[in-house]
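# Descriptive structure summary
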Amino acid sequence: MRDVIVIGAGGGGPVVAAELAGRGLDVLVLEGGPRQADPSTEWSHAENDANNPNNGFLRFGPEDRSKPAWFREWTTNMFVWQLSGVGGTTQHYYGNSPRPMPGVFRGYTGADAAEYDTGHLFPFTYDELVPYLEWVEATLPIETAAMGTKEALTFRGCENYGLPLQTSRNITRNAFRPQQNAILQPGGNAGRTDDSTLLTFPQATGCTFCGHCFQGCYMPRQAPRNQFAKRSTDNSYVPLGLSADAVRPGGRAFELLADSFVQSIRHEQEGPHTVARGVTWRNNATGEIFTEDARVVVLAGGATESPRLWFNSGLPNPNDWVGRGHTDHFFDWVVGSFDEYTGNSKGANSSARMDFPGRGGIENVGLGPAIQAFSLSLSDSGARGYYTNGRGSTGPWDGPAGRLVGNELKDLMMGGIDNLLNFLVITDDHVEAGNRVTPSLFPADENGAPAKIDVSLRRRTPRTLENREFMVRRAAEIMRAAGAKKVYRMDWAPLLLHVHSSMRMGESDQNSVLDSNAEARWVKRLFIADNSALANSLGGPNPTLTTQALATRTAEKIFQTYFDGDPWVDEEAPVVSTDPRISARMQQLGL
Amino acid sequence: MEHFNRRTFLTRASMFGAFVSAGIAFPGALPPSPGLVGRANAQTGSAVLDAVEAFSLDTMRGLCVMVMPGPDEWSRQQGTPRTDPGPIEVGGGEFMKDLFDNYLGMGDQLARPLALGIAQALADLGIQTGPFLGLSEPDGRRIDQVLGYVYSDRVLPLSLPVALLLNTGALLAAPPAIAGPLGSPFSRLSMVDKLRVLEGIEGPVPQLVSIIDGALPVPLRGTASGFLRFAGGILLEGTAFGVYSEQHNYNPVTRTVEPRPVPWDLTGYRPDGLVDGHPELLGYYQNRTEVPADA
């Protein structure tokens, strides 16, 4: 009997696990994908090697790359960039860690209160979350991004456009700023040389500006795992949890089992309540099936896999909201071509952002040629100059929206990867019940029915549609103000990276799965701690920081409710995940 | 989009029948890819499989030149020849075929019904799939029979149903493409006609997919066709990802990229190869290195 079993070692699970391990609980973490313990010898900076959906090291599949990836059903023109493994999607994120918009929380009284997703607010106030945001910001730690050429160009565009500078962590007005990133700032030789022999730890610390965030971070080479530049959870909360006994009095290191796919959450009826009792999982390498009981189960498989596991476990769904309300920031993509060098492929991949409260945000994104070409070829507006699918809108960009093909695409790519600048439009995407995850009718794999993801570009609320158009116009205008000679709008088909709220917490039991403690309304002792628990799409900011702050709060709720403990965030100081005691313990463990 | 509605679809049947009865050759002109077909032959020794593999590969090559035209026959057929390097010489077709063929590890549960649906749609047209695939009549009377004969219950390459979808669309968009150079009707199309095929797959009312959907077994009706809509979307972006990547020059054993990939030269990416950092640090905007929690 464990105290707590956490399902999934992605962006949220290790936060709950490390916090509760720090309180001395017996915690088991199960991860369906691999544990890449030494990425410097297992990964590369190469784009296809990392991101090939079939066999890349950052794919959605088991540890053995020669075995097939796991199937998911996608119902339309879309791409779900889902991956398994310790660290989950944070293995390849950009570390962007803005706070959520205050307007998406209960009790917000600003003049723009009506501009947000008021039907799907968080069931507590923004002020209540702030201490948890600060706790995570200190733990990771979150730092203000350094600037490369692509950021300098972005800031120039913002200045020329007349946007003011945001100087606080809280989002208060239309403004731009350097990103608050989960990336350690460059020190020593980092950011100052391309000579790899000068970029080993400790002569280089923090971000080396290698430009490969999307291929996972193992820079600087020879740094202890917990001092890799990007604070993905495999570099931050997992080392913290594995060292819980070294950094907290009474702490107890959690146990981590990778390549172990949870097939079901075991439960039983206790009076009128369904109660979670434990889990059953399968070792991907051997096929062996294991079961273990726990006092509390924390589901953190991600916005796609958490609903899948719920359905496959036969858990109750009385209001039919399991898997519903899947939001994805309704992305769009604006690309500018420049006569001057932009530094597109170099540096941390996104270090500048613009926020528009009530509408969403925009951030710059740097890419290598493969994903750049992918990004220019994804659209729901057909192919520029050929067909539009009834869309192909015009605006402050050049020509109609749509993917580039043939000579136009090749000529743009041959203009130089480092003469392009990309803006990602991240819309305040209001919760829409029809966008959802359900069990697929395709044949089950060894872990049960796969997930069917049905998120339509067209199935959005009128306000969401309006928000996206507002944002993409601003993006094109700022790109022009930055000096682009030509501006392209893609009208992206759904590209699911920022996924939220498919198991949402909410104020009403009519349209939510979780109560305000993140405990399942209809299954006691079962909590959810990944992006699927979010009440909405946060108004546009990238979700990882909020998920991690919410997971910290959830850990406290678990500790208070089922282990008779006291909360700690207001009472203690966080342990910074770069702490040398963690480095020493990781070295002892050979990790 | 009118050319994809069912009435037009059936009207065209007589035209296809005329081509077939006139005995127009279906060349299968593409020399088989040594790697892929060699691997397949090692498993089956089947001439039928060779023909199917060559047909799929040719279609994937026709797709690759849509996102990276080059100095090759596929680009010339498409009407966009160039002198700079393209995807054929870096194995773009093989890459895409491999991507589709390994996408599903669950066996033929998906690909087989899709192929059956396409076979039924082609049967409605009066097109005998034997000549369509360049196979002999006994081997190729019906696509599903080909599939059953060749693959039995083994994992089925998804590239074939995808190729069949594109080529069915090709025959609807431009019936004369049933004969000509290269090894598949889709590869014989102009860029404009290729994009008409994709429009038929991914449009707001995906009529090409709906024709196939009607012939699917009931449990998968609407489901497998949804998958085809996804496949229609991924065709170009997945291809673009592959042909602009290092895939052709990456050695997974040494984890090195050698020789320098063509797309890196084309785009000016990493002139000195993959390195661990860049002298790209300019400093901090207005020297702001931190934001106090209470600011």
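Residues numbered from 1 in each chain as written. Chains lettered and ligands numbered in written order. Predicted model: local features only at pLDDT ≥ 70, side-chain atom pairs only at ≥ 80, totals over all residues. Heavy atoms only, no water.

## Considerations on the pattern of salt bridges
Throughout the structure, instances matching the rule amount to 55 salt bridges over all chains. A salt bridge links Arg156 of chain A to Glu340 of chain A; its shortest N-O distance comes to 2.8 Å. Residue Arg156 of chain A is found in helix α5 (residues 149–161), and its partner Glu340 of chain A is found in the loop between β14 (332–337) and β15 (352–356); the two are separated by 184 residues along the sequence. Residue Arg156 of chain A is classed as partly exposed on the basis of its relative accessible area of 30%. Overall, the relative accessible area of 33% leaves Glu340 of chain A in the partly exposed class. Note that Glu202 of chain B and Arg403 of chain A form a salt bridge whose closest N and O atoms lie 2.7 Å from each other. Taken as a pair, Glu202 of chain B in helix α11 (residues 191–202) and Arg403 of chain A in the loop between α9 (369–376) and α10 (406–414) lie in two separate chains rather than in one. Owing to a relative accessible area of 2%, Glu202 of chain B belongs among the buried residues under this scheme. Given the relative accessible area of 1%, Arg403 of chain A is considered buried. (Salt bridge = Lys/Arg side-chain N within 4 Å of Asp/Glu carboxyl O. Helix = DSSP H or I, 4+ residues; strand = E, 2+ residues; numbered from the N terminus. Buried < 20%, exposed > 50% of the residue type's maximum accessible area, 1.4 Å probe, protein only.)

## Quick notes on the confidence of the model for chain B
All names here are of chain B. Per-residue pLDDT for chain B has a mean of 77; in total, 65% of the residues score no lower than 70. Of all the helices and strands in chain B, helix α2 (residues 34–44) carries the lowest mean pLDDT, 36, while helix α4 (residues 73–78) carries the highest, 98. The low-confidence segment residues 12–44 (pLDDT under 50) makes 57 contacts with residues lying over four places distant or belonging to another chain. Interface predicted TM-score (ipTM) for the complex: 0.96; the corresponding pTM is 0.94. (pLDDT = per-residue confidence, 0-100. Contact = heavy atoms within 4.5 Å.)

## Description of the packing of aromatic side chains
Residues and elements named next belong to chain A. Counted under the stated rule, the structure contains 25 aromatic pairs over all chains. With 5.2 Å between their ring centres and 10° between their planes, Trp43 and Phe57 make a pair best called stacked. One end of the pair, Trp43, is in the loop between α2 (39–42) and α3 (47–51); the other, Phe57, is in the loop between α3 and β3 (73–74), and 14 residues separate them in sequence. Considering the side-chain rings of Phe105 and Phe122, the 4.5 Å spacing of their centres and the 15° angle between planes classify their relative orientation as stacked. Taken together, the positions of Phe105 in the loop between β4 (79–80) and α4 (126–139) and Phe122 in the loop between β4 and α4 put the pair 17 residues apart, joining distant regions of the chain. (Phe/Tyr/Trp six-rings, centres within 6.5 Å; stacked < 30°, edge-to-face > 60°.)

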